[in-house]
Amino acid sequence: MKLSFSTLGCPDYDIDGIIGIAVKCGYPGIELRAAQGTVDLCSLSSFRGAGLAETAEKLNAGGLEVSCIGSSVNFAKSCEAEKQKMLDAAKAYIELCSTLKCRYLRVFGGPLVVTQGYLESIEAIQDGMEELCGIAEKYGVMPLLETHDDFCTAARVLDIISGVSSENIGVLWDILHPYRYGEAVGETFAKLGGKIRHVHVKDGKALSPANAALVLTGEGDMPIGECVSLLKENGYRGYLSLEWEKMWHTEIEGPEIALPQYVKYMGRYD
């Protein structure tokens, strides 16, 4: 079982700090999403030009793999200019993936646009995803659609990917979101299991579509053991990545607590 953590959990760290805590805690992988207080990784010198090459060298020296890179790309708006804007952003992240030898790029279905009908939104997302999948495939990168926003449930995710002809598309299973919408983990896996390439693990209490009070792994209501069992029994070989959202929830514990606690807790499933 391979563990990584999203850098949302240490959002103010620079790349040296990220690598340092990963090595200290014994993680083999890092999921890049935030650094130095921003999620716009491509704006940082460590992820551009010579700085990006240096970052790749540092990761390699630390024996660390980039399990996934998280973008904010989504194609929910039915607008050609907006689609091109998202494709341009995605291309920059594909370059990150390629240089850092990362196979997966996370994208969103996105929150639905209130001025569009559902079918119009789905068609816009499928159109953008189709183009993105083709571009990414040339670089050995696979876009992963996350169970998130208005596409938390398996049925909603399938509404999108069932209409994308490219085989170069997968699913990022954030285990918390479908569950808080009332979908049993077995149901989610039964529908999406064949497409799952990366997994976000997080725990919470008082779960509902409107709420999720994040807590340390194992201290909440998520059936984490059941999720791990399903993945193991079905031959999953990817990462189980802690998504500790310190970036968005400043009140929760810091990385020096949450990151080593996750490694310790998940050890029971080895």
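For the structure itself, look to the data block above.
These lines cover the structure that appears in this document, whether it is placed above or below. (Residues numbered from 1 in each chain as written. Predicted model: local features only at pLDDT ≥ 70, side-chain atom pairs only at ≥ 80, totals over all residues. Heavy atoms only, no water.)

### Considerations on helix α8 (residues 224-233)
For step 1, the next point in the chain: For α8, every residue scored as buried is listed here: Ile224, Cys227, Val228, Leu230 and Leu231. For α8, the arc enclosing every buried residue in end-on projection is 160°, short of the 170-degree limit, so these residues lie on one face.
For step 2, the next point in the chain: Considering only its buried residues, α8 is in contact with β6 (170-174), α7 (185-192), β7 (196-201), β8 (203-208), β10 (239-242) and α9 (255-266).
For step 3, the next point in the chain: Count one or two residues on from α8 and you reach Gly235, which has phi positive near 80°. (Buried < 20%, exposed > 50% of the residue type's maximum accessible area, 1.4 Å probe, protein only. Helix = DSSP H or I, 4+ residues; strand = E, 2+ residues; numbered from the N terminus. Arc of directions from axis to C-beta. Contact = heavy atoms within 4.5 Å.)

### A short note on the packing of aromatic side chains
For step 1, the next point in the chain: For the structure on display, the rule yields four aromatic pairs.
For step 2, the next point in the chain: Ring geometry for Phe5 versus Tyr27: centroids 4.8 Å apart, planes at 65°, classification edge-to-face. In this pair, Phe5 is assigned in strand β1 (residues 2-6) and Tyr27 in the loop between α1 (15-25) and β2 (29-32), connecting sequence segments 22 residues apart.
For step 3, the next point in the chain: Judged by relative accessible area, Tyr27 falls into the buried class, the value being 4%.
For step 4, the next point in the chain: Note on Trp173 and Phe189: the rings are 5.9 Å apart at their centroids and 50° apart in plane angle, and the pair reads as tilted. With Trp173 in strand β6 and Phe189 in helix α7, this pair connects stretches of sequence that are 16 residues apart. Phe189 shares its class with Trp173; the two are buried.
For step 5, the next point in the chain: Here the aromatic residues Phe5, Tyr27 and Tyr262 are joined through ring pairs into a cluster of three or more. (Phe/Tyr/Trp six-rings, centres within 6.5 Å; stacked < 30°, edge-to-face > 60°.)

### A closer look at the sheet that holds β7
For step 1, the next point in the chain: Strands sit in the order β1-β2-β3-β4-β5-β6-β7-β10 around a closed barrel of eight strands; the barrel is parallel. Across this sheet, the average inter-strand angle for adjacent strands is 30°, counted without regard to direction.
For step 2, the next point in the chain: In the sheet, β1 pairs with β10 via four bridges, with the strands oriented parallel. Along β10, the bridge assignment pairs Lys2 with Tyr239.
For step 3, the next point in the chain: Lying over the sheet, helix α3 (residues 80-99) contacts β3 (65-70) and β4 (104-107), oriented at roughly 150° with respect to β4. (Pairing = 2+ DSSP bridges. Axes fitted to C-alpha atoms, helices over the stretch in contact; angles between N-to-C directions.)

### A word on the nonpolar core
For step 1, the next point in the chain: Core analysis: the largest hydrophobic core is formed by 82 residues, its most contacted members being Phe5, Phe47, Ile69 and Leu240.
For step 2, the next point in the chain: Judged by nonpolar contacts, the second largest core, of five residues, contains Tyr104, Met142, Leu144 and Leu172. (Core = buried A, V, L, I, M, F, W, Y, C linked by side-chain atoms within 4.5 Å.)

### Some details on the packing of α7 against α8
For step 1, the next point in the chain: Following both chains from N to C, one finds α7 and α8 inclined at 25°, their axes separated by 10 Å at the closest point. Classified by the interaxial angle, the pair formed by α7 and α8 is roughly parallel. Seen from above, α7 lies across α8 with right-handed handedness. Contact residues: Val185, Gly186 and Phe189 in α7; Glu226, Cys227, Leu230 and Leu231 in α8. (Parallel < 35°, antiparallel > 145°, perpendicular 65-115°, else oblique. Left-handed = near helix turned anticlockwise from the far one by under 90°.)

### Things to note about the pairing of β1
For step 1, the next point in the chain: By the criterion of burial, β1 is predominantly enclosed, with four of the five residues buried.
For step 2, the next point in the chain: Relative to β2, β1 runs parallel, the two sharing three bridges. Counted as the bridge partner of Ser4 is Gly29 from β2.
For step 3, the next point in the chain: One crossover worth recording links β1 to the parallel β2 by way of α1, and it is right-handed. (Right-handed = clockwise from strand over helix to strand, strands pointing away.)

### Here's the deal with the side chain of Ser71
For step 1, the next point in the chain: By the secondary structure assignment, Ser71 is in the loop between β3 and α3.
For step 2, the next point in the chain: Of the residues examined, Ser71 reaches a relative accessible area of 0% and is grouped as buried.
For step 3, the next point in the chain: At 3.3 Å, the side chain of Ser71 and the backbone nitrogen of Val73 are in polar contact.
For step 4, the next point in the chain: Separated by 2.7 Å, the side chain of Ser71 and the backbone oxygen of Arg106 make a polar contact.
For step 5, the next point in the chain: Once residues lying within four places of it in the same chain are set aside, the contact partners of Ser71 are Arg33, Tyr93, Leu105, Arg106, Val107 and Phe108. (Polar contact = N/O pair within 3.5 Å; in protein donor to acceptor, adjacent residues only side chain to side chain.)

### Examining the pairing of strand β9 (residues 211-215)
For step 1, the next point in the chain: By the bridge criterion, four bridges tie β8 to β9 in an arrangement that is antiparallel. Its bridge partner lying in β9, Lys205 is registered against Ala213.
For step 2, the next point in the chain: The hairpin formed by β8 and β9 contains two residues between the paired strands.

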